[in-house]
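Okay, here's what each chain looks like letter by letter:
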Amino acid sequence: MKRTLAVVSAGLRLPSSTRLLADRLADAARHELEQLGAQVDVDIIEVRDHAHDLVNHSLVGYPSPELGSVFETVARADGLIAVTPTFTASYSWLFKAFFDNLDDTALVDKPVLIAATGGTGRHSLILEHALRPMFSYLRAATVSTGVFAGPEDWGGGDPTQGSLASRIARAARELAGEVDRRDAPAVDDPYDNPTPFDRMLRGD
């Protein structure tokens, strides 16, 4: 089965820790989905590349063809990974602008993994007080585990080992499970083809 993941990375610089975290999450989610038997396409969206188009869209009310194509990529994806840097204890303006301009039905019931980077571990609450409420408002199916990465997760050690790697693996597993369940066959309802005894119990 073919699956697609959209990865929205809102780092302001290249290279950035935001993109690095996005790539790690994408690789982990791809691996988990492949373990479930899926063929996986991953579309990376660097929001900074569309900053001018986002401002224009906010002003004139419609996207450029390129930005419209990006929005369509997100809407069509089976799952979404969304990663923002932290500014003043919240998501970046660029990240917010992207989702403000996305059609407000594009994420309905879509599995979403939220993640953020920041200059101090104190910013880790951004996942719960900023990102999760926003995606709840957009009616996305946000997975339980969010991933925050601070300086201590990157410096002085192998970022593929330890706590960050564990959080990434757990979140990727949850996202893959939600994506895999999207097309799971429905459990047969015995009342779809009721027997005479079923009808009697229902009072038919």
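The following refers to the structure shown. (Residues numbered from 1 in each chain as written. Predicted model: local features only at pLDDT ≥ 70, side-chain atom pairs only at ≥ 80, totals over all residues. Heavy atoms only, no water.)

Another aspect to go through is the pairing of strand β3 (residues 79-87). Across the nine residues of β3, eight count as buried, placing the element largely inside the fold. The pairing of β3 with strand β5 (residues 111-117) spans six bridges and is classified as parallel. Within the sheet, the bridge partner assigned to Pro85 lies in β5 and is Thr117. Here β3 hands over to strand β4 (residues 90-91) after two residues, with Thr88 in that stretch at a positive phi of 50°. (Buried < 20%, exposed > 50% of the residue type's maximum accessible area, 1.4 Å probe, protein only. Helix = DSSP H or I, 4+ residues; strand = E, 2+ residues; numbered from the N terminus. Pairing = 2+ DSSP bridges.)

So, about the environment of Val147. The topology assignment puts Val147 in strand β7 (residues 147-149). Under the relative-accessibility criterion, Val147 is labelled buried at 0%. Each C-alpha atom, one on Val147 and one on Ala165, is 9.8 Å from the other, the two residues being 18 residues apart in sequence. Setting aside anything within four residues of it in sequence, one finds Val147 in contact with Leu21, Leu25, Ile114, Ala115, Ala116, Leu127, Leu164, Arg167, Ile168 and Ala171. (Contact = heavy atoms within 4.5 Å.)

It is worth spelling out the layout of surface pockets at this point. Roughly 190 Å³ of volume is contained in the largest pocket. Taken together, Gly11, Leu12, Arg13, Ser16, Ser17, Thr18, Pro85, Thr86, Phe87, Thr117, Gly118 and Gly119 make up the lining of the largest pocket. Listed by contribution, the elements that provide at least two residues to the lining of the largest pocket are α1 (17-35) and β3. Considering every element that reaches the lining of the largest pocket, the biggest residue donor is β3, with three residues. In the lining of the largest pocket, the residues fall into three nonpolar, eight polar and one charged. (1 Å grid on protein atoms, 1.4 Å probe; cavity = no way out; pocket = protein on both sides within 12 Å on 5 of 7 lines; lining within 4 Å. Points joined across faces, edges and corners; volume = space filled by probe spheres on them. Nonpolar A, V, L, I, M, F, W, Y, C, P; charged D, E, K, R; others polar.)

Moving on to the packing of aromatic side chains. By the definition in use, this model includes six aromatic pairs. Taken together, a centroid distance of 5.3 Å and an interplanar angle of 70° make the contact between Phe71 and Phe98 edge-to-face. Here Phe71 is found in helix α3 (residues 65-76), whereas its partner Phe98 is found in helix α4 (residues 93-101), with 27 residues between them in sequence. For Phe71, a relative accessible area of 9% puts it in the buried group. Since its relative accessible area comes to 0%, Phe98 is described here as buried. Through pairs of rings, three or more aromatic residues link up here, namely Phe71, Tyr91, Phe95, Phe98, Phe99 and Phe135. (Phe/Tyr/Trp six-rings, centres within 6.5 Å; stacked < 30°, edge-to-face > 60°.)

Right, let's get into the packing of helix α2 (residues 51-60) against α4. Two quantities define a packed helix pair, namely the angle between the helix axes and the distance between the axes. For the pair α2 and α4, the least separation of the axes is 10 Å and the interaxial angle reads 50°. Taken together, α2 and α4 sit at an angle that is classed as oblique. For α2 against α4, the interelement crossing comes out left-handed. Listed contacts from α4 to Ala51, Leu54, His57 and Ser58 of α2 are Leu94, Ala97, Phe98 and Asn101. (Axes fitted to C-alpha atoms, helices over the stretch in contact; angles between N-to-C directions. Parallel < 35°, antiparallel > 145°, perpendicular 65-115°, else oblique. Left-handed = near helix turned anticlockwise from the far one by under 90°.)

A few words on the nonpolar core. In globular proteins that are soluble, nonpolar side chains generally tend to be buried together. Counting residues in each nonpolar core, the largest one holds 33 residues, and the members touching the most others are Val74, Leu80, Phe98, Phe99, Leu107 and Phe135. Of all the secondary structure elements, the ones that give two or more residues to this core are β1 (2-9), α2, α3, β3, α4, β5 and α5 (126-137). If you tally residues by element for this core, the top one is α5, at six residues. Those residues in contact with Phe135 that sit more than four places away from it in its chain are Leu80, Ala82, Phe95, Phe99, Leu107, Val112, Ile114, Ala140 and Thr142. Counting 26 residues, the second largest nonpolar core, distinct from the first, contains Leu21, Ala22, Ile81 and Ala115. (Core = buried A, V, L, I, M, F, W, Y, C linked by side-chain atoms within 4.5 Å.)

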